Amino acid sequence: MAPLRVGLVGLGEVAQSIHLPVLADQRDRWVIAGVYDVSPSLVALITSEYAARAFDTAEALINSPDIDVVFVLSSDDTHSRFVRAAIAADKHILLEKPACLTVREIDDLLALMPAYGKTLFVGYMRRYAPAYLQARDELPDHADITHVRIFDLISEGRHFLKKSQNILYPNDIDPALLARGARERDALIREVVGTDAPADLVRAYRGLTALSSHHISAMRGLIGEPKGVVAAHRTNGGANTSVTFDYGHFACLYDAVVDDLGLFDAMIEVRSNTRRVRIIYDTPYIRSLPTRLEVTEAGPLGPVTKSFGPLYGDAFSNELEIFHRHIIEGTKPLTDLADSRRDLALMADIIGRMKESGGDA
């Protein structure tokens with residue numbers, strides 16, 4: 001089969017560091033056929049490196065008969081508009097997380113899905129990491145789980161990328177476009193947090209939809225849907241969040257800490273009385289850094305731990321291989337719009353609990 005022709009809408013950090021190199025590596029599956037960005041310098045750079053056609057508008061790329069698959073990698077406030085256009089154009093879609101910023105936007109898109117015959121895949125790469133996939137076979141029975149702990153110590157991607165890759169951060173975007181995008185993004189966020197929400201609550205929601213969304217999605221994929229949110233609190237100006245999810249006979253505790261130290265420490269730990277399964281992530285924003293899996297069981301001489309890894313299979317590469325398979329086989333992705341709606345609904349519940357607990361603004 002001929003490679004699928006990909007058009008990328010948005011050429012920022014994640015496109016340059018991840019999607020373009022992976023697409024080029026998987027040249028038997030994909031060809032980078034078209035690009036669009038609001039930055040002329042980014043378009044010039046990427047077309048020179050990848051020999052892709054530059055389009056004048058996102059809509060022109062999406063509607064081109066020379067594009068089979070649209071990668072929506074643009075700012076969060078534009079996702080709904082570009083996905084709607086790609087659905088109307090009957091194109092396969094890879095949509096970077098978060099799928100949207102509000103449940104309302106997701107519901108509007110879900111209403112279009114019955115007539116849509118192609119594949120829409122939301123990019124939650126941690127659910128495709130080798131250690132995560134192996135962990136599903138190592139978990140204790142759900143009825144035996146006693147506790148789950150999830151931890152995210154994270155710094156912005158620039159702390160890692162500036163030391164490992166030459167990413168272009170453009171300064172030639174029309175200020176009016178940037179201002180309009182900021183207004184639209186703020187309006188969408190305030191649909192959830194409230195029009196008069198303090199700045200720390202706004203920042204907390206931005207963190208949930210951005211970096212924290214990976215582990216909220218991974219949690220649900222691994223141990224199922226929580227009954228609700230027991231408690232949630234924000235500190236450090238909304239940069240740090242602590243959430244307790246109710247799973248009935250056990251609780252799942254999630255902590256996110258965001259700073260500028262330039263460290264990444266992320267893990268998911270599932271326990272029963274006699275077994276602990278721990279997924280350990282280095283930053284997935286750097287391609288091919290390993291994931292690890294540790295399984296510890298009670299033994300007659302004490303705890304016995306078996307380790308899987310370091311596992312160098314790249315989560316982003318796995319993600320695109322699986323996306324391609326869904327397109328070819330016509331099967332339904334685990335990370336689709338309906339799945340992403342559950343993430344956003346949980347985030348709205350978290351914000352509700354944060355309003356009850358107050359903050360440190």
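Residues numbered from 1 in each chain as written. Predicted model: local features only at pLDDT ≥ 70, side-chain atom pairs only at ≥ 80, totals over all residues. Heavy atoms only, no water.

Peer 1: Which parts of the structure should I look at to understand the overall build of the protein?
Peer 2: Along the backbone of the protein there are 12 helices and 14 strands. Compactness check: the protein gives a C-alpha radius of gyration of 20 Å against a globular reference of 21 Å for 361 residues, within 12% of the reference. Projecting the C-alpha coordinates of the protein onto the three principal axes gives extents of approximately 65 × 50 × 45 Å. Per-residue burial over the protein gives 52% buried out of 361 residues. Within the protein, counting contacts between residues at least 6 apart in sequence, those at least 24 apart form 71% of the total. Carbon and sulfur atoms make up 52% of the accessible area of the protein, which amounts to about 15500 Å² in all. Mean positive and mean negative side-chain charge positions of the protein (39 and 49 charges, respectively) differ by 1 Å. (Helix = DSSP H or I, 4+ residues; strand = E, 2+ residues; numbered from the N terminus. Rg over C-alpha atoms; globule rule 2.2 N^0.38 Å. Buried < 20%, exposed > 50% of the residue type's maximum accessible area, 1.4 Å probe, protein only. Contact = heavy atoms within 4.5 Å. Areas by Shrake-Rupley, 256 points an atom, 1.4 Å probe, with all protein chains shown as cover. Lys, Arg positive; Asp, Glu negative; His and termini not counted. Charge placed at Lys NZ, Arg CZ, Asp CG, Glu CD.)

Peer 1: Sorry if this is basic, but what is going on with the packing of aromatic side chains here?
Peer 2: Describing an aromatic ring pair means giving the distance of the ring centres and the angle of the ring planes. Applying the stated criterion across every chain yields a total of six aromatic pairs. Measuring from centroid to centroid gives 5.2 Å for Phe-121 and Phe-323, while their planes differ by 40°, and the two rings are tilted. Here Phe-121 is found in strand S6 (residues 120–123), whereas its partner Phe-323 is found in helix H11 (residues 315–329), with 202 residues between them in sequence. For the residue pair Phe-121 and Phe-323, the accessibility class agrees, reading buried in each case. Among the aromatic residues, those joined into a ring-pair cluster are Trp-30, Phe-71, Phe-121, Tyr-128 and Phe-323. In this structure, Arg-126 is placed above the aromatic ring of Tyr-281, and the distance from its NZ or CZ to the ring centre is 5.4 Å. (Phe/Tyr/Trp six-rings, centres within 6.5 Å; stacked < 30°, edge-to-face > 60°. Lys NZ or Arg CZ within 6 Å of the ring centre and 35° of its normal.)

Peer 1: What am I meant to see in the nonpolar core here?
Peer 2: Side chains of a nonpolar character, in soluble globular proteins, are inclined to be buried together. Core analysis: the largest hydrophobic core is formed by 111 residues, its most contacted members being Leu-8, Phe-71 and Phe-245. In terms of residues, this core owes the most to one element, helix H12 (residues 337–357), which gives seven residues. Excluding anything up to four places from it in sequence, Leu-8 contacts Ala-15, Leu-20, Leu-23, Ile-32, Gly-34, Val-35, Tyr-36, Leu-61, Phe-71 and Leu-73. (Core = buried A, V, L, I, M, F, W, Y, C linked by side-chain atoms within 4.5 Å.)

Peer 1: When you look at the packing of helix H4 (residues 79–88) against helix H5 (residues 103–110) in this model, what are you seeing that I'm missing?
Peer 2: Think of two packed helices as two axes; the pair is described by the angle between the axes and how far apart they sit. Packing of H4 against H5 brings their axes to within 10 Å, and their N-to-C directions diverge by 5°. Of the possible angle classes, the one that applies to H4 and H5 is roughly parallel. Residues Ser-80, Val-83 and Arg-84 of H4 lie in contact with H5, whose contacting residues are Glu-105, Asp-108 and Leu-109. Counted by class, the contact of H4 with H5 contains two nonpolar, one polar and three charged residues. (Axes fitted to C-alpha atoms, helices over the stretch in contact; angles between N-to-C directions. Parallel < 35°, antiparallel > 145°, perpendicular 65-115°, else oblique. Nonpolar A, V, L, I, M, F, W, Y, C, P; charged D, E, K, R; others polar.)

Honestly, it's all geometry; don't read function into it.
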